[in-house]
Structure formats: structure tokens, C-alpha cells
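# Structural overview for review
Each chain, letter by letter, is given below.
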Amino acid sequence: MEEITNSVLSVNYALDTFYFLVMGALVMWMAAGFTMLESGLVRSKNTTEILTKNVGLFSIACIMYMLCGYSLMYPELANPDGDYTGGIFNSFSALSILGSGDNNLETVAAGDAYYSNLSDFFFQVVFVATAMSIVSGAVAERMKLGSFFIFAIFLTGLIYPIQGFWKWGGGFLNEGGFLDFAGSGVVHMTGAAAALAGVILLGPRKGKYGKDGAINPIPGANLPLAALGTLVLWLGWFGFNGGSQLQITGIDNANAVAAIFVNTNMAACGGLVAALLLAQLWFGKADLTMALNGALAGLVAITAEPLMPSPITATLIGAVGGLIVVCAIVMFDKIKIDDPVGAISVHGVVGIWGLLVVPFTQDYAALSEDKGVPWGLGDQMLWQIIGMATIFVWVFAISFAVWFALKLTVGIRVNEEDEYNGLDLAECGMEAYPEFASSES
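Here's what I pulled together on the structure shown here.

### Things to note about the packing of aromatic side chains
Inspection of every chain in the model, using the stated rule, returns 19 aromatic pairs. Taken together, a centroid distance of 6.0 Å and an interplanar angle of 25 degrees make the contact between Y65 and F121 stacked. With Y65 in helix α2 (residues 47–73) and F121 in helix α6 (residues 117–138), the pair connects residues that are 56 residues apart, well separated along the chain. Their ring planes at 55 degrees and their centres at 5.3 Å tell us that Y70 and Y74 sit as a pair that is tilted. For Y70, a relative accessible area of 2% puts it in the buried group. In textbook terms, an aromatic cluster arises when at least three aromatic residues are bridged by ring pairs, as seen for F20, Y115, F123, F127, W168, W237 and F240. Over the ring of Y420 we find K45; its NZ or CZ atom is 5.6 Å from the centre of that ring.

### A short note on a nonpolar patch on the surface
Judged by side-chain polarity, I150, I153, F154, L158 and V410 come together as a nonpolar surface patch covering roughly 370 Å² of accessible area. Structurally, I153 can be placed in helix α7 (residues 145–167).

### Some words on the environment of V187
Considering the arrangement of structural elements, one finds V187 in helix α9 (residues 184–202). Considered as a pair, V187 and A131 are 56 residues apart in the sequence and their alpha carbons are 5.2 Å apart. With residues up to four places along the chain from it excluded, the contact list for V187 reads F127, T130, A131, I134, Y160, W168, A182 and F240.

Calculation criteria
Residues numbered from 1 in each chain as written. Predicted model: local features only at pLDDT ≥ 70, side-chain atom pairs only at ≥ 80, totals over all residues. Heavy atoms only, no water. Phe/Tyr/Trp six-rings, centres within 6.5 Å; stacked < 30°, edge-to-face > 60°. Helix = DSSP H or I, 4+ residues; strand = E, 2+ residues; numbered from the N terminus. Buried < 20%, exposed > 50% of the residue type's maximum accessible area, 1.4 Å probe, protein only. Lys NZ or Arg CZ within 6 Å of the ring centre and 35° of its normal. Patch = residues over 30% accessible without salt bridge, like charges linked within 9 Å, V, L, I, M, F, W, Y side chains within 5 Å. Areas by Shrake-Rupley, 256 points an atom, 1.4 Å probe, with all protein chains shown as cover. Salt bridge = Lys/Arg side-chain N within 4 Å of Asp/Glu carboxyl O. Contact = heavy atoms within 4.5 Å.

Rendered as C-alpha cells:
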């Protein structure tokens, strides 16, 4: 009987580890989605620089999270005795523990491990890269590449992990009751808050806003790429939300993962349809870019709680997100916050909506039993607001300080000539579409 039990534990451990790794790989694929989406929504003269930013930020994020971010976010791995005095330098202890293969049948049987530690690291590291990808699109077409990469070091190695610890690492937000299942706040609002700080200091692209207050559209160069990028992100989101269940073995976990997949998909559909309809009514045209952002808005909205709602509720949550994102994009343009891809609206404003709708989907009898005290809608809403405000203030304030320091030292914006000619030549020395460039015979 003991051999059978051990065999079941080993199989479950292997399946959960494999599931975790596959879901992480799907989230990594979202890097391709962000790359294609941003490439499609900027002008062709800035495409190569966008591609460089996205592959570069992913690599920087992985290295920084390995060196210090993971241990800051999950300090118990680096400090098994509970002594945190070593701070950031305990990172290497965490790496040693991760690489030691310490999980065995004994730890699994005791309920101390359900999947490989390294699979957890892999799943977490692609999340931090996602947060940094959000920043890329918002500051596109006028930021210095080197300054962007320097900021990536700070966001992925310090800013993101600290607020991540407050919720997912067992910090005070988690203890208090803040809910954010897969990261509407921890990931998406974090990326948007960092982007907003940068955009404010960076200023709008030349020609975007006229002296008379006119808003001049700057169309993207490749809408097929933008649509492809959105669909790739849509696919990757199944890993983003589904993997956040953490396990798939057992009937309850398997059912939960299936519900998360369905709700994630339905929220995206609701967001796209709602945004498309609003654009048609408001602008008189079926605006593809608004439809794409509507789908992403639906995905961001459901990320805070993709398990508890019914499919129809998830569709409605996504639909409201789609309506919000259209209004937010127009609003930011009116106040001259230039965001070429709508990242701040999609991930920030709709991220807030996702967090605030969570209390209306909870089982408060179960929550009260779990907490050992009466717990109701008002209690949950209070902690959602506390969590949202805490994350935003932390990320925005520290990001603003880093961006400002960069602006005073190395600078964050290219000169007018380089912006006019395109960042491909100025920053990368090559063009994405050289056949369209004029050449001297």
C-alpha cells in the first residue's frame, strides 16, 4: 500500500511540475505577442528598436530575477531559518537551494512540495518579464534604448519583487486579505504604473499634439502584426491564469483549471465585442486597434479572479473592461499622455477595474471560515482598495525616481533629429524594412 501511495505522489509531482513548466512556456510566448503587437502599432522606422527592446528586456528580466528578484519576492527560500538580515545578498543562497534538487519523496509526502522548485522559479520569472513588456509599448518611438534597459534592471530586480512579496510572497497585503489571483495588480497595474511615470517625464512624440489642442493620430505600420500579437497574447494568457492555479492533479484542481481557461477566453471575447461596438457608436467606424485593446482589456480584467465567476459573469467583466479601455485611451489623449499602444489604459486602468470587481465574485461564507472571523463584501473591498493603492504608489513613486535620475544623468529621450529619422537607424543602425528606404545610387 505504501508503494502505491508513493507511486501516486511521484506521478502527481511529475504531472504538476510538467503542467507548471508548460504554463510558464505559454507565458513566455506572450513576449512574442507583446513584440508583434508593439511592432504593428509603431511606425516602420522604429520597428527594429522595438524588437530589440523586447528581446533585451526579457533577457534582462530573467537575469535580474535570478540574481536578486526571486529571493526578494520569496525570501523564505533564501532564509529557511527565518533570518532575513542578509537582505539582497541572500539571493545566492536562494539560487543554491533552487539548484540543489532538494525535493524528494519525503518532502512531497509531508506536503512540503507539490512541484519542482525550479519550475516555480521558471513560472515566476516569465511574469516579471511580462510586467516589463508593458512599459516598452508606452514609451515607444522616443526613448533611448540604453536608458530603457537600465530601468529594466531596477523594475525586474527590485521594484516588482518587493510589491510581489507583499501579496504573493506572504507579505502584509496577503495577510490582510487582498486578493489578486494571477496579477491584475501585481503584474499588470505594476507595469502600467511604471510606464506612466516614464511617459510623464518623457513627454509625447513630436507632432502628436498640436498647439491648438488638436490630437494628431500616428497610425501603426503593420496592423496584421498587431492582430497576430493580440492573438498570441490571448493564447499565452491561458498559461498566465491557468498556471496560477499551481496544480492540475486531483479532481478539484483539474476542474478549477478548466473553469479558469473558459473564463479567461470568455472575458477576452466580451472585451473585444464591447470595445468594437463602442468604437462603432462613438467614432462611426469599426476601429481594429480598439477591438484588439478590448480583448486585452478583458483578459486583464479577469486576471484578478478567473476562477470564481461563471462564464457569463466573466464575459460581462471583460465587456466592462472593453468599454473602459476605449474611454481611457481617449481620456489619456485628451490630457496629452502619449501612449502609442494604449498600454497604460489596458493594463493600468482596466487592472484597477479587475481588482475592484473581485469582491462581487467571492464566497464569503468560505472566506469567513478560512479567516476565522466574519468577512463580508465591505471587508474585501477595503483590502482591494488598500492593495491597489499600495502597489500603485510604490511602483509609481520609485519608478518616477529612477526615470528622473536617468533623465538627469544619461537622458531618457533621443534628440529631435533621431526621432524624426527613426530609432532603428539611431539606436540599432539597421532598418526592419530596408526595401522601403530610399537609397542613393
